[in-house]
Amino acid sequence: SILDEFNVELTGLEFNNKWELFKAPKNVQKVIETQNEVLNKLKEQMLKSMELEQEEFDETLENLNSMIGGFGAFDNVDKYMEYASNVDNIDSKLTESEDLARMYNQREFLVGKEVRDYTKLAQMKKDFQPYLNLWRTIRTWHESHSNWLSCDWEKLDANELEQTFETCQKNI
């Protein structure tokens, strides 16, 4: 080394620092190995947590599917507000479920797991669409109809009335 060539005497502290410098790469390697172990444990915990979340999500999808299947029994037009509220609730849950499915697929891809197939969610949304259209249209029609009958003749907006009528007719 250069210091040895010039016969430089090192103090005890400098001598210890020199040897600490020589073993620094091994210390860095130990820190890297320790942190890799910690990261692997965290990854395992995250994978377990993700698996539990997805199991709960699968149960949620099954519940939504059974709720959608039960809409065929809703045939009392007098309960249109209750039914329309239910379809709004289920529609928001389906949209939320689509977002969760995308998030789970992204997580699986990031950790190198096989990405789950959530095409049944798209099919559920497709199967639910007629009920959604029906009960929302009935609610729109009843609300608009009662407004048309109770409103002054001069205050009726013909364009709005025509648009509501055509939209309802098209949806049904």
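Residues numbered from 1 in each chain as written. Predicted model: local features only at pLDDT ≥ 70, side-chain atom pairs only at ≥ 80, totals over all residues. Heavy atoms only, no water.

Visitor: Lay out the packing of aromatic side chains with the relevant residues and their values.
Guide: Taken as a whole and assessed by the stated rule, the structure comprises 5 aromatic pairs. Ring centres of Phe74 and Tyr83 lie 4.4 Å apart, and the angle between their planes is 15°; this geometry places the pair in the stacked category. A ring pair is formed by Tyr83 and Trp135, whose centres lie 4.7 Å apart and whose planes are at 75°; its orientation type is edge-to-face. On the criterion of sequence distance, the pair formed by Tyr83 in helix H3 (residues 80–111) and Trp135 in helix H4 (residues 119–150) is long-range, its members being 52 residues apart. For Tyr83, a relative accessible area of 7% translates into the label buried. A connected cluster of aromatic rings, assembled from ring pairs, spans Phe57, Tyr104 and Tyr118. (Phe/Tyr/Trp six-rings, centres within 6.5 Å; stacked < 30°, edge-to-face > 60°. Helix = DSSP H or I, 4+ residues; strand = E, 2+ residues; numbered from the N terminus. Buried < 20%, exposed > 50% of the residue type's maximum accessible area, 1.4 Å probe, protein only.)

Visitor: A description of the packing of helix H2 (residues 12–69) against H3 should follow, citing residues and the corresponding values.
Guide: Relative placement of two packed helices is described by the angle separating their axes and the distance separating the axes. The N-to-C vectors of H2 and H3 enclose an angle of 150°; their axes lie 11 Å apart at closest approach. As far as their axial angle goes, H3 and H2 are roughly antiparallel. Our pair here, H2 against H3, has a crossing hand that is left-handed. In this structure, H2 uses Lys43, Met46, Leu47, Met50, Glu53, Gln54, Phe57, Leu61, Leu64, Met67 and Ile68 to contact H3, whose residues at the interface are Ile90, Lys93, Leu94, Ser97, Leu100, Ala101, Tyr104, Arg107, Glu108 and Val111. Of the residues in the contact of H2 with H3, the class split is 14 nonpolar, 2 polar and 5 charged. (Axes fitted to C-alpha atoms, helices over the stretch in contact; angles between N-to-C directions. Parallel < 35°, antiparallel > 145°, perpendicular 65-115°, else oblique. Left-handed = near helix turned anticlockwise from the far one by under 90°. Contact = heavy atoms within 4.5 Å. Nonpolar A, V, L, I, M, F, W, Y, C, P; charged D, E, K, R; others polar.)

Visitor: Which residues make up the nonpolar core, and what values do they have?
Guide: With 20 residues, the main nonpolar core has Ile90, Leu94, Met124, Phe128 and Trp135 as its most contacted residues. Every element with two or more residues in this core is listed here: H2, H3 and H4. Looking at this core, the element that brings in the most residues is H3, giving 8 residues. Filtering out sequence-adjacent residues up to four positions away, Trp135 remains in contact with Phe71, Phe74, Asn76, Val77, Tyr80, Tyr83, Ala84 and Val87. (Core = buried A, V, L, I, M, F, W, Y, C linked by side-chain atoms within 4.5 Å.)

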